[in-house]
Amino acid sequence: MLKAKARRREILLGLFAICILTVYFTDVWLITCGFDGCPTPRAIQTFQPDQGGRILDRYNRLMGRLEVVRRLNIDLKRDVPEFVQQAFIATEDRRFYQHGGLDWRGFFRALATNLRAGRTREGFSTITMQVARNTFAVRRYPARSLRQKFIELRLSRLIEHSLTKQQILELYFNVIYMGNGVYGVEAASRDLFGKNTRQLTLPEAAMLAALPKAPSVYTPRRHPERALARRNLVLSLMVKEGYVSASRLPGLQAQPLRIARDEWRPKDPNDSYALDAVRQLVDSIIQGGTADIIDLTVRTTLDRNAQLAADRAIRRQASAIQSEAGRRALVQGAMVGIDPRNGDIRALSGGRQYERGTFNRALLAHRQPGSAFKPFVYAAAMAAGYTPSSEVDDDPIDVIQGRNVWSPANYNDDYSGRITFRKALIKSANAATVRVSQAVGIPRIIDVAHRNGIVSQLPNVPSMALGTAEVTPIELVTAYAPFANGGFRVRPRLVRSISTSDDVPIWISSEPDKNPPQVMDPRDAYQVTSMLQSVVDYGTGKAIREYGVRGLVAGKTGTTNSGTDVWFVGYTPTIVAAFWFGFDNPAPISGDASGGRLAAPAWAEFYLNGWREIASPNAWNPPAGMVERKIDPTTGYLATEWCPVTRNEYYKPELPLPTIPCPEHGPDMGDQQNPDWQNQRDWSNDFGKKIGKALGKIFKF
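Take the nonpolar core next. Core analysis: the biggest nonpolar cluster contains 75 residues, and I338, L458, L476, Y480, F483, L532 and Y571 have the highest contact counts within it. If you tally residues by element for this core, the top one is helix α21 (residues 473-485), at eight residues. Listed in part, the 54 residues of the second largest apolar core include L76, M178, A214 and L252.

With that settled, the discussion passes to unusual backbone geometry. The phi torsion at N60 lies on the positive side, around 65°, for a residue other than glycine. Along the chain, the position of N60 falls in the loop between β1 (54-56) and β2 (62-64). You can call N60 partly exposed: its relative accessible area is 47%. Within the chain, S562 stands out as a residue other than glycine whose phi angle is a positive 65°. Counting through the fold element by element, S562 comes out in the loop between β15 (554-559) and β16 (565-571).

With 22 residues, helix α15 (residues 304-325) should cover 32 Å at 1.5 Å per step; its first-to-last C-alpha distance of 31 Å lies within 8% of that length. Residues of α15 that are buried: A306, Q307, A309, A310, D311, A313, I314, Q317, A318, I321, Q322 and A325. N-cap assignment for α15: the residue whose side-chain oxygen lies 3.0 Å from the backbone N of N305 is D303. Following α15 by one or two positions, G326 has its phi on the positive side, about 70°.

It is worth spelling out the side chain of D93 at this point. By the element assignment, D93 lies in the loop between α4 (82-92) and α5 (104-117). For the buried D93, which has no salt bridge, the nearest side chain bearing the opposite charge is K165, at an N-O separation of 6.2 Å. A polar contact of 2.8 Å, which involves the side chain of D93, links it to the side chain of H99. A distance of 3.0 Å separates a polar atom in the side chain of D93 from the backbone nitrogen of I127. In this structure, D93 is in contact with F88, H99, T126 and I127, ignoring residues within four places of it in sequence.

This paragraph deals with the pattern of salt bridges. Taken as a whole and assessed by the stated rule, the structure comprises 33 salt bridges. Where K195 meets E204, a salt bridge forms, and the shortest distance between an N and an O atom there is 3.0 Å. Looking at E204, the relative accessible area reads 14%, which means it is buried. The closest approach of N and O atoms between R597 and E324, which form a salt bridge, is 2.8 Å. Highlighted residues: R597 in helix α24 (residues 595-598) and E324 in helix α15, separated in sequence by 273 residues. R597 gets classed as partly exposed once you look at its relative accessible area, which sits at 26%. Judged by its relative accessible area of 33%, E324 falls in the partly exposed class.

Rules used in this analysis
Residues numbered from 1 in each chain as written. Predicted model: local features only at pLDDT ≥ 70, side-chain atom pairs only at ≥ 80, totals over all residues. Heavy atoms only, no water. Core = buried A, V, L, I, M, F, W, Y, C linked by side-chain atoms within 4.5 Å. Buried < 20%, exposed > 50% of the residue type's maximum accessible area, 1.4 Å probe, protein only. Helix = DSSP H or I, 4+ residues; strand = E, 2+ residues; numbered from the N terminus. Expected span 1.5 Å × (residues − 1). Polar contact = N/O pair within 3.5 Å; in protein donor to acceptor, adjacent residues only side chain to side chain. Lys, Arg positive; Asp, Glu negative; His and termini not counted. Salt bridge = Lys/Arg side-chain N within 4 Å of Asp/Glu carboxyl O. Contact = heavy atoms within 4.5 Å.

Laid out in structure tokens, this is it:
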């Protein structure tokens, strides 16, 4: 008997202990918001409803949104008339100003109603609880679950202690779901009535207040009769609460519903292919985890001003080309600009007309670069022991390929005979370049291009030297970067970091290599850049100078067979940018299409209007140990006293130095030093013709 009593006592004590532990566990669970941690008062006070995340440029300036969220946040006092507030309070929480987050009267009333009905007919959520559900509890717990309800109660108390009633009501008006993918009363007002909240009539306000209970059931576009009945109920509730006089009710309820024809969707005029690329990269990084993340901040490497200028230049120049193309197909364009010092992408445009999710030509379009590939031929030549002053025959050439003979021709069949490598690149001479490639070897050229950053396959065929292999714009600018930075390969980077709305890091990009791989002898990079500066100053790229670009600029035009693709890849010590124009389905643009005439102007517009990082004049100083000689940069020969322009050229000391004086200028040619060094004579004239006969014709290669 005693043993039985002792056993019952032990059981009762055990049950009592379990009850105490259960109460304690439940209390701790509630206090910690389900062990997930409750928001601090500061977090509640600074909370901003999600408007789609933020994409920031490298200077933390807003560039756009990660997602299109149909929401417009508003200020309660300034933007929401009192009768609009009253409509929602009368419908959703008539004791809003009397309770502290949970309306016990409403709770017991709903409990009694549901017990009598034997099912859930009435809810007891207050406006504060709805704020909790749509802010800090959203997507964290199963909808309508008991767990969610308990957490809402805890969050509601925290919100009531952290915010005033007016602040809670403002938050409610910005976070509440109103149906049709719309959040907040301002977005709903524009979506349903085509006007802002300040312009609403009383019946329209009642229609908005009718939606939160069941947005899909009462949406007026799909269910106008239900919507009208629900609106009239809201009007009667406003009368019951004393917000509207009973005498007005019949007239208000008799007013018809007038719904806007077009839905409202937020538009971002600055949305771009660059932001699309950011979104895709963020998606791949988060890997489907966005369901638990409401608002992200993405910091990019982009420069907002440069991006806007790039997009404008693509649109303007593509439109100008369209006017002479004579085709119905749309002329497209693409642009990529990266910082050669670290690989950060500063601007990116994937097409003429942006549409979200469409093909991004800057990253994905494989097109022939044409003569824009020639710098890799001459880079391989510099590595093989040639110099800018080395000479090559620029005469018609036949290359035997098995049973076939390939005969590449210069533009307009214009040949210059024996010329230096520098002049061959200035003129973009095809025949001379093919001879250089044959002397150096195609495999060596392919190796240089791949080490610099080209990742596409490059076939071992003679025509590859003239840019017949297809590459993407992003590849081309990446591979040009070693020319600009002294021979270092860079890795393109677009996103620097991803964080939550309260700046908690989710992902941080690795910083650019402090010791990037050296893929070129810095002396070779300097010599290639020196030759490409001459292309801009005197050759096929001099349109850049004619448009007013000053300072250190190097670059190369590119035009493929029949004028199908036109390019200009230009660079300074701070930016490498490529512009491409053509049709998506390759076709000739026009009879005289050329990179110098059609692509270079877009590069100049971008640089003049969107780029502010002007390099020091000493940024491209020659590497130590090189030997200096004074040459005529327009010909590549040693300068004489009659040469109109001269410059100091630098050579590797272990290689033969130039010994031939310039044969194109002499005392009988009447040459005068031209003070405007950026607009020199055109070098398409045959050897020995006088400078005065040249009128600045732009080469078309």
